[in-house]
Amino acid sequence: MSDNKKITLTIDGKTIQAESGQSIMNACDAQGIYIPRLCDSTGLVPQGSCRVCSVKVNGRVVAACTQPAEDGANIEHESDEIQGYRKDLVRMLFHEGNHLCPICEASGRCELQAMAYRFGISQATTYPYLQPVRPVDASHPDIALDNNRCILCGRCIRASRDVDGKNVFEYVGRGIHKRIGVNGDCLADTNADLNDYAMSLEVCPVGCIIRKGEGFFSPVGERQYDSDKIGSNIENHTAHSSLGKLIKVHQIDPNDAIHDDIDQSNVNEDKS
Amino acid sequence: MKTKKARILEIEPLTRVEGHGKVTVHLDENNKVTEARLHIVEFRGFERFIQGRLLWEVPVIVQRLCGICPVSHHLAAAKAMDMIVGVDQLTPTAEKMRRLMHYGQVMQSNVLHFFHLCSPDLLFGFSAPAKKRNIFSIIKEFPDLAKKGVLMRKFGQEVILHTAGKKIHGNSAIPGGINKNLSIAERDSLLKDIDQMLEWSQEAVDISKNYTLEHLGLVEAFGNFKSNHMSLVREDGALDLYDGGLRAIDASGNLIFDHMDYRNFDQFIMEEVKPWSYMKFPFIKSRGNLDGWYRVGPLARMNTISFIDTPLANARHAEFREFSKHKPANMTLAYHWARMIEVLHCVEKIKELLLDPDLQGSDLKLTGERREEGIAVIEAPRGSLFHHYKVNENDQVTYCNLIVSTTHNNTAMNLAVTDVAKKYISGQSRITEAMLNHIEVAVRAYDPCLSCATHALGQMPLVVELFDADNNLIDTGSQFVNKSPIQTT
Ligand code: SF4
Ligand code: SF4
Ligand code: FES
């Protein structure tokens, strides 16, 4: 992007620099400020549907993943009001689907679960549980779909369409009946392949798209969020491309001496 | 007046949990007991719930069945799934990790049962008021014993933590193997306490043995009846809690069958359904439903096995056999002694495994040719546990049947209850405190998984209902099978 004019924003009272054209989320990522998110994922076009990234800009609640950062914007991020909205949205996802974390193979690497932990949500709330009973689609030899855990983030749709050049997934139904469907009677009917980006662990944030026969391979303690809370990669160290999109988190050995005085320009080189 | 009030308090939660454990006692015209029945709700709902789930989820899902011995279900399901993924022999690291987990589990479960639940009965006597017969009185009057119980249980839980990944509801056993080995640090943290555990488990055998010998009159009179016994045994007849063939003996010690391949269990075990109970009544086919019922669990195992392959426990087993004159022991109360011999065996096994370098191996998982059906048996703390599944070509479970140890012991528990009821109620048309206490002790000796449904220790009321000859309910009483803190304060 040629237009990378520097702009200035305030987030929770703190002034940060950003590049014009960046979304609020990307601007914050680059500064080590983590805004919670579920439907947004590195490498996919932002969709702005889960609203877990809500922030208040000049008094209006917007989705940080799709809202462009504007010069002089005053952003409210971790206020009680905004955190309350985010928490409620996450809570409602648990009530809408059927989430039994202790028996779910995504447990420990699931973004929804990790988000609940980050927000300190550990108990049932007063919302009714819809307790859907949706059949598992295990027709494909390598992949299964457990729609009971789908949070309708649409990451699979975008990954299949924009990265794989296929159209394996689509939204079907409306309102409360909306769910993820596949382009055919069942997954075996589609051209889905285990090597599709859409089927990778990066895409489905929960335990809905299942890579068959791999469940529970990671022991407790070694799973992604067992020791690091979600977002800690951004809060601790970040690397961003010149596009302002978070591409790769630079893995730093805590014993490494350069760890403390790492500087943004060094990290930018590392795009391998 | 005060006790009366407490009784009412105990009855209250029954409406909530009614059916988890209920005894009905039936009288004839002369108020003599004709029969007593133990009613326990079983897991039929679960067997349906699991249908359609994916095969590798099963070992994790089944743990939700029981808050006290989830590891047994985890491992039984994993073994059944090994069969489905075509693995008949695990890698040494995988099998030894699973065994270590299992020994940790049997140890902690038996310790819990003995120190926390039974020692109050044994040390204060069955007729001591319910208020006294609880773990709090033990802590007060036998603090040293209580401390050992707590630390032994903790050790067993640490073994589970390091092998299963979590103290409860771990997930390490996967179809065809295990997802972790034992790190040197984990090994060393367990090794540092192992000799202490060995010492204390020997003391525990002494306590239970001495109790049995000092109360011979009671032990012999209480729930003592002839039965068949069944358990897994190793190829050479040794005690094997993790795998082996099934051996059944009759009340005189004669073999009914030996080294039976459990994968064909339906050819020699049948399940009878009775209209008044949700729980089935299994029996040995060749003996028929009247004579074919059997007992499983620690007592049965001490009766069926030829020896124990760890020296200290083997010596204790020899002592036990001496006591029972080399015939099967049939006393319900001898379960406690048997249970402590097994604790000792588990601790010896844990030590042996901790010193085995295979546990640091990295060969964790195998695959083989897929099968449609998986059957596994494991010796859980309470006895043989059967898991049977069918899985379709999409990896989804289509059929599930579990026979838990409490089910195997169903007839025996009913007989024990009838036996006690006859002694303590006949001639009266009221439920007495002594009768309640004794029924409770008889049921508890089998350590039934009443908790499977409630998931909470100490929340397991046993209701006793008395029916006259015309089947009218004439009295009810209740007792908590495990003393909960709420009940005693
Ligand atoms: S998908 Fe995530 S939140 Fe849902 S059950 Fe699985 S681990 Fe829990
Ligand atoms: S299947 Fe997964 S990626 Fe697709 S919408 Fe559902 S939760 Fe999102
Ligand atoms: S991450 Fe922004 S709306 Fe979902």
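Since this is a predicted model, take the numbers as computed values, not measurements.

Engineer: Looking at this structure, how should I read the side chain of S201 of chain B?
Structural biologist: All names here are of chain B. Looking at the secondary structure, you find S201 in helix 9 (residues 184–214). Among the polar contacts made by the side chain of S201, one reaches the main-chain carbonyl oxygen of M197 at a distance of 2.6 Å. Discounting residues that sit within four places of it in the chain, S201 has contacts with M152, V343, L344 and V347.

Engineer: Help me understand the sheet that holds strand 5 (residues 74–76) of chain A in this model?
Structural biologist: Pairing between sheet strands relies on hydrogen bonds along the backbone, with the strands arranged either parallel or antiparallel. Residue and element names in this part refer to chain A. Reading across from one edge, 2-1-5-3-4 is the order of the 5 strands in this open sheet, with mixed pairing throughout. Two strands in the sheet have a free side with no partner beyond their single neighbour: strand 2 (14–19) and strand 4 (60–63). Ignoring strand direction, the axes of neighbouring strands in this sheet form an average angle of 40°. Sheet strands in contact with helix 2 (residues 80–96) are strand 3 (54–57), strand 4 and strand 5, and its direction is about 150° off that of strand 3.

Engineer: Looking at this structure, I do not really get the pairing of strand 1 (residues 22–27) of chain B. What am I missing?
Structural biologist: Strand residues, when the strand is regular, have side chains that alternate between the two faces of the sheet. Residues and elements named next belong to chain B. Most of strand 1 is tucked away: 6 of the 6 residues are buried. Every second residue of strand 1 is oriented toward a common face, with K22, T24 and H26 on one face and V23, V25 and L27 on the other, all of them buried. Both strand 1 and strand 2 (residues 33–39) contribute to a ladder of 6 bridges, which runs antiparallel. Among the inter-strand pairings, H26 is bridged to a residue of strand 2, identified as E35. Taking the residues between adjacent antiparallel strands as the criterion, strand 1 and strand 2 are bridged by 5 residues, where N31 takes a positive phi near 60°.

Engineer: Would you take a moment to explain the pattern of salt bridges for this structure?
Structural biologist: Side chains carrying opposite charge are able to pair once their charged atoms draw close together. Residue and element names in this part refer to chain B. Using the criterion set out here, one finds 46 salt bridges over all chains in the structure. Among the salt bridges present, the one from D193 reaches K192, with a minimum N-O distance of 3.4 Å. Residue class for D193 comes out partly exposed when judged on its relative accessible area of 29%. The shortest N-O distance in the salt bridge between R247 and D258 comes to 2.8 Å. Taken together, the residues R247 in strand 6 (residues 245–249) and D258 in strand 7 (residues 255–260) connect sequence positions 11 residues apart. Exposure remark for R247: the relative accessible area of 9% places this residue in the buried category. Note on D258: relative accessible area 27%, which makes it partly exposed. One continuous salt-bridge network, built from bridges that share partners, spans R234, D236, D309, K349 and E352.

Engineer: Sorry if this is basic, but what is going on with the interface of chain A and chain B here?
Structural biologist: Quoted interface sizes are often the accessible area lost when the parts come together. The partner chain B presents 19 residues to the 21 residues of chain A that form the contact. Carbon and sulfur atoms make up 62% of the surface buried where chain A meets chain B, a total of about 1,700 Å² over both sides. Looking at the side of chain A facing chain B, the largest losses of area belong to I103, F216 and V220 of chain A, adding up to 35% of the total buried there. Connecting chain A to chain B are 3 salt bridges. Residues K212 of chain A and D395 of chain B are paired through a salt bridge, measuring 3.6 Å at the closest nitrogen-oxygen approach. One can count 6 residue pairs in polar contact (both at pLDDT 80 or more) joining chain A with chain B. Of the residues assigned to the side of chain A that touches chain B, the class counts are 11 nonpolar, 5 polar and 5 charged.

Cut-offs and rules
- Residues numbered from 1 in each chain as written.
- Chains lettered and ligands numbered in written order.
- Predicted model: local features only at pLDDT ≥ 70, side-chain atom pairs only at ≥ 80, totals over all residues.
- Heavy atoms only, no water.
- Helix = DSSP H or I, 4+ residues; strand = E, 2+ residues; numbered from the N terminus.
- Polar contact = N/O pair within 3.5 Å; in protein donor to acceptor, adjacent residues only side chain to side chain.
- Contact = heavy atoms within 4.5 Å.
- Pairing = 2+ DSSP bridges.
- Axes fitted to C-alpha atoms, helices over the stretch in contact; angles between N-to-C directions.
- Buried < 20%, exposed > 50% of the residue type's maximum accessible area, 1.4 Å probe, protein only.
- Salt bridge = Lys/Arg side-chain N within 4 Å of Asp/Glu carboxyl O.
- Buried area = accessible area lost by both parts, 1.4 Å probe.
- Nonpolar A, V, L, I, M, F, W, Y, C, P; charged D, E, K, R; others polar.

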